[in-house]
Amino acid sequence: MAFIDVIKEKAKKDKKTIVLPETRDKRTLIAAAQVLEEGTANIVMIGKEEKIFDGAGWLEVDLTGVKVIDPDETDKLEHYVKTLTELRKNKGMTEEKAREILLNDYLTFGVMMVKCKDADGMVAGACHATADVLRPSLQILKTAPGTDLVSAFFIMDVPNCEYGSHGTFVFADCGLNQDPTASELACIADSSAKSFRSLVGEKPVIAMLSHSTKGSAKHALVDKVVEATEIAKERYPQLTLDGELQLDASIVPSIGASKAKGSPVAGHANVLVFPNLDAGNIGYKLVQRLAKADAYGPMLQGIASPVNDLSRGCSAEDIVGVIALTAVQAQLNV
Ligand SMILES: CC(C)(COP(=O)(O)OP(=O)(O)OC[C@H]1O[C@@H](n2cnc3c(N)ncnc32)[C@H](O)[C@@H]1OP(=O)(O)O)[C@@H](O)C(=O)NCCC(=O)NCCS
Ligand SMILES: CC(=O)OP(=O)(O)O
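Residues numbered from 1 in each chain as written. Chains lettered and ligands numbered in written order. Predicted model: local features only at pLDDT ≥ 70, side-chain atom pairs only at ≥ 80, totals over all residues. Heavy atoms only, no water.

A. Spotlight on the site of ligand 1. Near ligand 1, the surroundings consist of 19 residues, among which Arg88, Lys91, Arg135, Lys142 and Val150 are the closest. Contact between ligand 1 and Arg88: an oxygen atom at 2.7 Å from a side-chain N or O atom of the residue. Here a nitrogen atom of ligand 1 sits 2.9 Å away from a polar atom, N or O, in the main chain of Val150. Of all the secondary-structure elements, those providing two or more residues to the shell around ligand 1 are helix H7 (130-141) and helix H12 (277-290). The element that contributes the greatest number of residues to the shell around ligand 1 is H7, accounting for six residues. (Near = heavy atom within 4 Å. Polar contact = N/O pair within 3.5 Å; in protein donor to acceptor, adjacent residues only side chain to side chain. Helix = DSSP H or I, 4+ residues; strand = E, 2+ residues; numbered from the N terminus.)

If you want it as structure tokens, here you go:
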């Protein structure tokens, strides 16, 4: 069974409620209808009911069963206003500002629904840039207990691929931390291992990626990954993790054996930790577009409740997948 079909089966077993704030986006409406039909989640949408259902009518999709919350009409608004004001009072938030934001910014409204447990998770980003989705999520939900850093990963499912876990990988950070320090890279490795284990269900084998393998190149960029590897090995001794490794040495067994002999990771990695966001974001898009991989994300790890982003280049099918993954994260509380 394909990776995403396994996730959908899990999602169906204990249905969670996912809020979709981007109700002007056609792909989101199409995805919502498919999720309702497949039964992987309950869907809440934010906006004016007549506009949402008009949109669905033009697209000829059936949104029967979707719950619509209109910020102008809901009696939850004042609770959200008070909660948001309290949460952000040290940052100058007032009730007036909070009301203005909640009435006009559906992304923040959706995050508040998750914060107040009126939804189990949120998926957005089909028509908003990543930074706009992540900022309110980070500000309101904050990090999960025991974590200092939120980071963003993709589940990459590569067709006809013998590498990774039958072609399935976690790539990180591909969406949030632009130039992580060595210590932050170590944290991203640990969070990515947890994401891999909980969503793919297999043992994570983590490569700390670089343009160098075991000292083949010298540069400050390489030094950062070497240091990150040392920190990660010390902080998380239970992980199967190694670096610094080039991509080919990480995933191709024969190249791993020749470039990094004796490494427990080389040639077998299924979790790829990129040295910075340029590499991560470009890397996932190369694999998605040229190898025709399914790319689910950017999903957040290390955040207190499940909120996941999308690329503005996503398809309706990608949204359906990320909704199912969000529902499973909510089940597992990761
Ligand atoms: C996400 C992002 C917008 C946050 O940066 P920012 O707007 O400058 O916001 P700040 O640094 O002021 O952070 C806002 C809040 O989030 C928190 N935060 C930021 N990054 C965080 C992280 N990685 N982990 C945990 N919390 C974080 C800050 O502590 C701050 O909290 P506070 O307001 O309660 O003090 C920024 O990191 C970014 O633009 N990342 C790249 C996104 C992108 O374009 N990706 C490429 C496409 S996928
Ligand atoms: C993941 C990604 O590239 O997102 P965006 O379209 O928001 O830039």
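There is more to say after this.
B. Main features of unusual backbone geometry. Here the bond from Gly243 into Glu244 is cis, since omega is -15°, no more than 30 degrees from zero. For the peptide bond that leads from Gly297 to Pro298, omega is -5°, which places it in the cis range. Structurally, the position occupied by Pro298 is in strand S10 (residues 294-301). Notably, Lys117 is not glycine yet its phi reads approximately 65°, a positive angle. Within the element layout of this structure, Lys117 appears in the loop between helix H6 (106-115) and strand S4 (121-124). Classification of Lys117 by relative accessible area gives exposed; the value is 69%. Phi angles above zero are rare outside glycine, and Lys214 is one such case at about 50°. Note that Lys214 resides in the loop between strand S7 (205-209) and helix H9 (220-235). We classify Lys214 as partly exposed; its relative accessible area is 41%. (Buried < 20%, exposed > 50% of the residue type's maximum accessible area, 1.4 Å probe, protein only.)

C. Region of the structure containing the site of ligand 2. All residues in the neighbourhood of ligand 2 are listed as Ala129, Thr130, Asn281, Tyr284, Lys285, Pro298, Ser311 and Arg312. Thr130 places a main-chain nitrogen or oxygen 2.8 Å from an oxygen atom of ligand 2. Contact distances for ligand 2 include 2.7 Å between an oxygen atom and a side-chain N or O atom of Lys285. In isolation ligand 2 has 260 Å² of accessible area, and contact with the protein removes 86% of it. (Areas by Shrake-Rupley, 256 points an atom, 1.4 Å probe, with all protein chains shown as cover.)

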